[in-house]
Amino acid sequence: SILSGSTTFNNFTCTTAGKQLTFTAGTTQTILGILTLTGTSASKIKLRSSSSGSIYTITDSGTENVSFVDVQDSTATNSITAYNSTNSGNNTNWTFNSLSITYPASAKTIGQTPTVIGVSGASESVTIKDISGNTVATTTADTNSNWRVAVSTSLAVGANSLTPYVGTVAGS
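Because the structure is a prediction, the values reported are computed rather than measured.

Focus: the sheet that holds strand 17 (residues 135–140)
Turning to step 1, where the next piece is worked out: With respect to topology, 3 strands assemble into an open sheet ordered 17-16-19, the strand pairing being antiparallel. Each edge of the open sheet is held by one strand with a lone partner, namely strand 17 and strand 19 (163–166). Each strand axis lies, on average, 25° off the axis of its neighbour in the sheet, ignoring direction.
Turning to step 2, where the next piece is worked out: For strand 16 (residues 125–129) and strand 17, the ladder comprises 5 bridges, and the chain directions are antiparallel. Within strand 17, the residue paired with Ser-125 across the bridge is Thr-140.

Side note on the packing of aromatic side chains
Turning to step 1, where the next piece is worked out: Applying the stated rule across the entire model yields 3 aromatic pairs.
Turning to step 2, where the next piece is worked out: An angle of 20° between the planes, with centres 4.6 Å apart, marks the rings of Phe-23 and Tyr-56 as stacked. One end of the pair, Phe-23, is in strand 4 (residues 20–23); the other, Tyr-56, is in strand 8 (residues 56–60), and 33 residues separate them in sequence.
Turning to step 3, where the next piece is worked out: Phe-23 gets classed as buried once you look at its relative accessible area, which sits at 2%.
Turning to step 4, where the next piece is worked out: For Tyr-56, a relative accessible area of 0% corresponds to the buried category.

Focus: the sheet that holds strand 12 (residues 86–87)
Within a beta sheet, neighbouring strands are joined by backbone hydrogen bonds and run either parallel or antiparallel to one another.
Turning to step 1, where the next piece is worked out: If you walk across this open sheet you meet the 5 strands as 1-4-7-10-12, and the pairing is parallel. The open sheet has two edge strands with one neighbour each: strand 1 (2–3) and strand 12.
Turning to step 2, where the next piece is worked out: Direction of pairing for strand 7 (residues 45–49) relative to strand 10 (residues 69–71): parallel, over a ladder of 3 bridges. When the bridges of strand 10 are listed, Lys-46 appears paired with Asp-70.

Thoughts on the pairing of strand 16
Turning to step 1, where the next piece is worked out: With 4 of 5 residues buried, strand 16 is to be regarded as a mostly interior element.
Turning to step 2, where the next piece is worked out: Two elements, strand 16 and strand 19, share 4 bridges in a ladder whose sense is antiparallel. Its bridge partner lying in strand 19, Ile-128 is registered against Pro-164.

Rules and cut-offs
- Residues numbered from 1 in each chain as written.
- Predicted model: local features only at pLDDT ≥ 70, side-chain atom pairs only at ≥ 80, totals over all residues.
- Heavy atoms only, no water.
- Pairing = 2+ DSSP bridges.
- Helix = DSSP H or I, 4+ residues; strand = E, 2+ residues; numbered from the N terminus.
- Axes fitted to C-alpha atoms, helices over the stretch in contact; angles between N-to-C directions.
- Phe/Tyr/Trp six-rings, centres within 6.5 Å; stacked < 30°, edge-to-face > 60°.
- Buried < 20%, exposed > 50% of the residue type's maximum accessible area, 1.4 Å probe, protein only.

This is how it looks when you write it as structure tokens:
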């Protein structure tokens, strides 16, 4: 998709894995509400300028959910944090952080109230949700970006999945 000219959006959302969003060089996209860009680990959303090496600008309200993107040639007027993403260069005011659970390992049996260990940005609030989207734990990362928390609500017996989120999370 090509975004031509400077535009103001109430909210801006792209959740189509592998999609490329091309912004006309020299333009500013203003997002008044929530900026949501969510690709997948296997297929990141690409943000590119129409002219390689020339900047486009994103001005957002500071409310964002950005993960699994590949960004190049962008200036963020307000800092944007992108999780599990790629910095392809020439970006200003973008922070590229990891967000993951490091223990327990995927597909491991660990009981109904496990201790969960992971990484995020330094001092960030982390919410852990189960396979049904229920919040089962919250914590704050230390200054080295590490966190550890015991699940406070017993997980359902059988297959489950835990997913970390940072910041304000709907349904928390």
